[in-house]
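Survey of secondary and tertiary structure
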2 protein chains.
Amino acid sequence: MAGTDERGSTRSLVLRAIRAGGTVSRTELADATGLAGASITRIVRGLIDEGLVTEVGLAESRGGTPRRLLELDPAARYAAGVHLDRHGSHIVLTDLAGRVVARDDGAGFGPSPMETLVSLAERIADLVDSVGVPPERILGIGLGSYGPQDRRTRRIRSGYVDAEWQGTDVCGVLEHLTGLPVALENDALAVAVGELWSGGMPPTATYAVVYLAGGIGGGVVVGGRAYRGSSSNGVELGHITIDHAGALCTCGNRGCLDNIAGPHAVVERAIADTDLGERLGLTGTEASIATDFRLITDAAADGNRIAHELIEHSARAIATGAVTLANLFDLDSVVLAGPGYGRMLPVYRDAVADALDRSFFARALHVVTATASTSTTEAVAFGAAASVLESAFGPDDAADALVPFPRHRPITRPAYQELT
Amino acid sequence: MAGTDERGSTRSLVLRAIRAGGTVSRTELADATGLAGASITRIVRGLIDEGLVTEVGLAESRGGTPRRLLELDPAARYAAGVHLDRHGSHIVLTDLAGRVVARDDGAGFGPSPMETLVSLAERIADLVDSVGVPPERILGIGLGSYGPQDRRTRRIRSGYVDAEWQGTDVCGVLEHLTGLPVALENDALAVAVGELWSGGMPPTATYAVVYLAGGIGGGVVVGGRAYRGSSSNGVELGHITIDHAGALCTCGNRGCLDNIAGPHAVVERAIADTDLGERLGLTGTEASIATDFRLITDAAADGNRIAHELIEHSARAIATGAVTLANLFDLDSVVLAGPGYGRMLPVYRDAVADALDRSFFARALHVVTATASTSTTEAVAFGAAASVLESAFGPDDAADALVPFPRHRPITRPAYQELT
């Protein structure tokens, strides 16, 4: 075990250094990792044997022999990511460089878990076929969805899904259907991990993602590692109290951030307190929340004063939540991601930046920046795929034991099963 | 480097297993750690050579040869812990088993950093002399105090200390005076780490300490490791917003937990809104806050209805903060520690327990318990000493790099300097 750990962690270190460096020599790797030259030579030989790394030419060298240059082979491995929610699903296939090589959108949670999962499996199979990736190069499938999640029994335990869904081992079923290992991931944490593979965040960054979609979610990465706490159900940012005398939330808490700043709250306020409901044709139904909220952010971006005030109120409350995250997790940055921000992303970002500048507790020691993610509507699917890559090639982490991928998996994967 | 890491982490693993087991055989160690028998043999031999572990006899064995039993030698190493605040200081000396072998109380931050630090160094020297511990067995000094702290320049950056203190390298000065390495630690985080060494918490627990003294502080331990975030300035629990429309705090935030539930807030309310100020003789001055607050908790415990209501209000607000901690860090328990709770500790604990039962977001997956620490007024000093032990014998952690102790320090320490 000790040997495995040691090999695993230095192997990850070297792989990450190669990924970060793009094209690097063994000497540069030794400098970047602090490992001895002999260790680098041995580890790189193993990575070349596994097909993960290739030699791509020679670099000039002052005096000595020319140095052979190394690169990650992006086509050596792939990962699939699925984002499944009530309103739809996204699937992406990424290569080892974290590039999306194929994508597909479709239906969300259906009434029958089995039908939905068979459909997802078929779409994944089609996607893999469409790009001609050898199935044995696919590391696995990341499945991003709502929290809370039970990563041991591999069930989604959110109130957003019904009892039949809550009772389904979604990973087990999908594994059976596809022949690939499947890991469940919180949607917002997936987005946070995705930032490590999209180039949005450097490999040892400490930051939170504030994810705005149908609600407000959070994901924290500390020193390049996903923060998982006890059961990978942390950073429920939408359900922290920012008004202790506020209304009771279905979660049991009072004055939750989501009930003050989330899309539901903003749409309800627009309909109840203003004439925006009629003017924008808001319906306020569960199914139309995303559309309704988008109409409000669009109206605000187009100069509607009332819509702008509603969004500013939401942005100030989210900024309050961001400061809480920064003061508790001691972050270096807060990243805003998710489709909810829409065209008002700059307003939210400025509100968060202002609040962090003004009230981050340890601001005498370091700043906390607020940035807007460049991620798209497929951010959760991409992040779920990134979680697979991270679990195979990221830093060692005790919490990774939760992920059903062997850390140092054999190269040959179970053959991709024909779906019956 | 890889070799050192591997040795270090398996060595820590074995040391922790011996500490947890009390008296253990090599076979039990192999079972407990998952390490191969040969590795256990090699590591144990090293620990015996270093004097950390001793063989203490033979155990019965079914069939095979009797197994030799191992124990940690508590007297093999010691750590000093200092708690320095405005109102006083505590010093403790602990052995490797985490037992306090000597203690001393004295003055707090004085106007001259140099005078205060010389006095601390003298008291530490006296304490070491008094118990006859060979100075070379003292691993170092943990200095617990207010956050924020700059662990790189090793300065206390809290507004509670003046510019001269903020500009003083307290660790460097104390190192010079004592000849021992010194590490700065946040008071509340020290208390949290202390729970790992007092037997309050098992070695891989995930929990937060809510520390109540002059204000409200927090410390989080995840899987047995201190949570440090970017700069070890996290979990500023007193400065999260629980009333986003509340009063502006000196920290820049609005409606901070400390301004609603902390001793200052309760004492101010008692004087302004009730007749308790006169009846209990509260003065409300900065220097008397601890005494004033103690008078209120005592009155509440003695059945004074108004005092009880004030404390219940404070307890409910702290419970709100505890739920935020649990929902963000995904904790298994919340531990209440610190002198502030006084005789009302059960009321605070019940309020926190009720709130966690009712509103922890992932309560369908696991409970979050609320417990009262058995720690005393020297909890920060003890925890600061525990941080030293943890830094030398705890799990490997990237954040430990912040602590100026070599992870695998030579046995022979610099000789304990005579103070001039």
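Per an unreviewed UniProt entry, chain A carries the name ROK family transcriptional regulator and comes from Agromyces larvae.

Another point: the sheet that holds strand 10 (residues 182-186) of chain B. All names here are of chain B. Read across the sheet, five strands follow the order 6-5-4-7-10 without closing on themselves; strand pairing throughout is mixed. The open sheet is flanked by strand 6 (100-106) and strand 10, the only strands paired with a single partner. Within the sheet, the average angular offset between the axes of one strand and its neighbour, ignoring direction, is 20 degrees. Of the strands in this sheet, strand 4 (78-85), strand 5 (88-95), strand 6 and strand 7 (138-145) are in contact with helix 4 (residues 113-131), which crosses strand 5 at around 35 degrees. Contacting strand 7 and strand 10, helix 7 (residues 187-197) runs over the sheet at an angle of about 100 degrees to strand 10.

For the rest of this paragraph, the subject is the state of the cysteines. Residues and elements named next belong to chain A. Enumeration according to the criterion identifies zero disulfides over all chains in this entry. Among the cysteines around C249, which has no disulfide bond, C251 carries the closest sulfur, lying 3.7 Å off. C251 supplies the cysteine sulfur nearest to C256, a cysteine that is in no disulfide, at a spacing of 3.6 Å.

Residues and elements named next belong to chain A. Considering all chains together, one arrives at 35 salt bridges over all chains under this definition. With a shortest N-O distance of 3.3 Å, E390 and R16 are connected by a salt bridge. Separated by 374 residues along the polypeptide, E390 in helix 14 (residues 379-393) and R16 in helix 1 (residues 2-21) bring together distant segments of the chain. We classify E390 as buried; its relative accessible area is 10%. Across the pair E309 and R305 runs a salt bridge, and its minimum N-O distance is 2.9 Å. Taken together, the residues span about one helical turn, with E309 and R305 both in helix 12 (residues 305-329) at a distance of four residues.

Residue and element names in this part refer to chain A. Relative orientation of the contacting elements helix 9 (residues 263-273) and helix 12 amounts to 150 degrees, with a least axis distance of 10 Å. Crossing geometry of helix 9 relative to helix 12 is assigned as right-handed. For the pair helix 9 and helix 12, the contacting residues are V266, R269 and A270 in the first and L310, I311, H313 and S314 in the second.

About the thresholds
Residues numbered from 1 in each chain as written. Chains lettered and ligands numbered in written order. Predicted model: local features only at pLDDT ≥ 70, side-chain atom pairs only at ≥ 80, totals over all residues. Heavy atoms only, no water. Pairing = 2+ DSSP bridges. Helix = DSSP H or I, 4+ residues; strand = E, 2+ residues; numbered from the N terminus. Axes fitted to C-alpha atoms, helices over the stretch in contact; angles between N-to-C directions. Contact = heavy atoms within 4.5 Å. Disulfide = S-S within 2.5 Å. Salt bridge = Lys/Arg side-chain N within 4 Å of Asp/Glu carboxyl O. Buried < 20%, exposed > 50% of the residue type's maximum accessible area, 1.4 Å probe, protein only. Left-handed = near helix turned anticlockwise from the far one by under 90°.

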